[in-house]
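# Structural overview
One-letter residues, chain by chain:
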Amino acid sequence: MSTSFHSANAEKYERMASNATLNIAKTFMLDILPTITETSYILDNACGTGLLTQLIKAAHPKAHIKCADLAPGMIDIIKEKVQGLEWVNVETDVLDVRDLKTLEDNTFSHVLTNFGFSPTPDDPEGPRKAAREMWRVLREGGVTVVSTWSERSFDIALEKAALVVRPDEKPFSWGVSEDWSKGWWLMKHLEEAGFGNRVEVRSVNGRVEAKTLHELVGNMMLFKERYSEEELARLEVALKEEIRKLPQFEETEKDVGIKMVAWVGFAWK
Ligand SMILES: C[S@@+](CC[C@H](N)C(=O)[O-])C[C@H]1O[C@@H](n2cnc3c(N)ncnc32)[C@H](O)[C@@H]1O
């Protein structure tokens, strides 16, 4: 994903994400939170608005954390959270996961990268560089956790709805290789980065969710600036229809959700 996109949309990020990244993090943090001690130093890598840091602070208020993201807009939001939530021991830095240039070798006990590990059309080698950097800045005995999407079912609904509105235009896509959604791809990158056979990749179930379908569709359409008002109205109707057709869609008395599946890699140095 492009960082200019994320910087421009930082304020809207948490609504757009609709708990998709948070729900996966909540699952893998069940394993990670008990390993955090007074001597831990944690890198929240490609931190976005700091959802991981929030989970850590809830369990370990004094935990020493560095939040880094390439989008300055995201880092501004973390700074506001540091003030507003009175977080202590939290540092911030604008850094590229592919080149963590201000960070020394063997620094962190935990390097956590929740959905900040995708190739981009302009740099297909990006994940290789990022995995190598995670290994480099991790201490001996430390653990890194990296997540990627295996199944982003709502993208299918978005693409179909986009075709209803503009039948002659190729729907927007992130333009990354199919391999990115495979578990072996994540395993290979971690193994080759230096972690060797101290790697485990798990499939984790999650969900993008909101109180109502109307709210969920609204969240998903937050970044649809390229459409006219009239197109947006049609897109909303089409998106609701396409989401309802997804086998992963579920509606309960208290909310609606679309099931998603992630790969989560754990690697030890
Ligand atoms: C899907 S969001 C995930 C944010 C957060 N980790 C979470 O769990 O919600 C991806 C984040 O990666 C950041 N990002 C994209 N490319 C990056 C890069 N090359 N280096 C550092 N951060 C990057 C974006 O700005 C965005 O904040």
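Per-chain numbering applies: the sequence of each chain, read as written, is numbered from 1 onward. With the structure being a predicted model, the display of local features is reserved for residues of pLDDT at least 70 and the display and counting of side-chain atom pairs for 80 or more, all residues being used for whole-chain, interface and lining totals. To obtain the side-chain values, all non-hydrogen atoms of the structure were used and water was disregarded.

## Focus on the UniProt feature "domain: Methyltransferase" (unreviewed entry) in the protein
UniProt positions are given in the numbering used here, feature names are shortened, and annotations may be inferred rather than shown by experiment. Within the UniProt annotation, "domain: Methyltransferase" (unreviewed entry) is assigned to residues 42-142. As annotated, residues 42-142 comprises 34% helix and 27% strand, and the C-alpha atoms at either end are separated by 10 Å. Secondary structure follows DSSP: runs of H or I at least 4 residues long count as helices, runs of E at least 2 residues long count as strands, and numbering of each begins at the N terminus.

## Observations concerning the pattern of salt bridges
When a carboxyl oxygen of Asp or Glu lies within 4 Å of a side-chain nitrogen of Lys or Arg, that pair is called a salt bridge. Summed over the entire model, instances satisfying the criterion amount to 24 salt bridges. With its nearest N and O atoms 2.8 Å apart, the salt bridge here joins Glu231 to Arg166. Here Arg166 lies in the loop between helix H7 (153-165) and helix H8 (183-195) and Glu231 lies in helix H10 (residues 229-245), a separation of 65 residues in the sequence. Taking relative accessible area as the criterion, Glu231 reaches 13% and is therefore assigned buried. Residue Glu192 is joined to Lys188 by a salt bridge in which the shortest nitrogen-to-oxygen separation is 3.2 Å. With Glu192 and Lys188 both in helix H8, this residue pair falls four residues apart, about one helical turn. What you see here is one network of salt bridges that share partners, running through Arg207, Glu209, Glu250, Lys254, Asp255 and Lys259. Relative accessibility under 20% of the residue-type maximum defines a buried residue, over 50% an exposed one, and the middle range a partly exposed one, all with a 1.4 Å probe and only protein chains included.

## What about unusual backbone geometry?
Located in the positive-phi region is Ser18, a residue other than glycine, with phi close to 45°. Tracing the sequence through the fold places Ser18 in the loop between helix H2 (13-17) and helix H3 (20-32). The exposure class of Ser18 is buried, given its relative accessible area of 4%. Although it is not a glycine, Glu86 sits at a positive phi angle of roughly 55°. Mapped onto the fold, Glu86 is located in the loop between helix H5 (72-84) and strand E3 (90-94).

## Describing the site of the ligand
Taken together, 19 residues surround the ligand, and among them Tyr13, Thr21, Ala46, Asp69 and Val97 come closest. N or O atoms closer than or at 3.5 Å make up a polar contact, with two conditions inside protein: a donor-capable atom paired with an acceptor-capable one, and, for residues adjacent in sequence, both atoms drawn from side chains. Residue Thr21 places a side-chain N or O atom 2.9 Å away from an oxygen atom belonging to the ligand. Contact between the ligand and Asp96: a nitrogen atom at 3.0 Å from a side-chain N or O atom of the residue. In the complex, the protein chains occlude 93% of the 590 Å² of accessible area that the ligand would expose alone. One heavy atom within 4 Å of a molecule or strand is enough for the residue carrying it to be called near that molecule or strand. To measure how exposed things are, a 1.4 Å probe is used in the Shrake-Rupley method; for residues, cover is taken only from the protein chains shown.

## Some remarks on the packing of aromatic side chains
Each pair of aromatic rings taken from Phe, Tyr and Trp, with Trp reduced to its six-membered ring, is defined by centres within 6.5 Å and is described as stacked if the planes are under 30 degrees apart, edge-to-face if over 60, and tilted in the remaining cases. Scanning all chains against the criterion turns up four aromatic pairs. Definition used: whenever NZ (Lys) or CZ (Arg) falls within 6 Å of the ring centre and also within 35 degrees of the ring normal, the charge is taken to sit over that ring. The ring centre of Phe266 lies 4.0 Å from the NZ or CZ of Arg202, which sits over that ring. Above the plane of the ring of Trp135 lies Lys269, whose end atom (NZ or CZ) is 4.2 Å from the centre.

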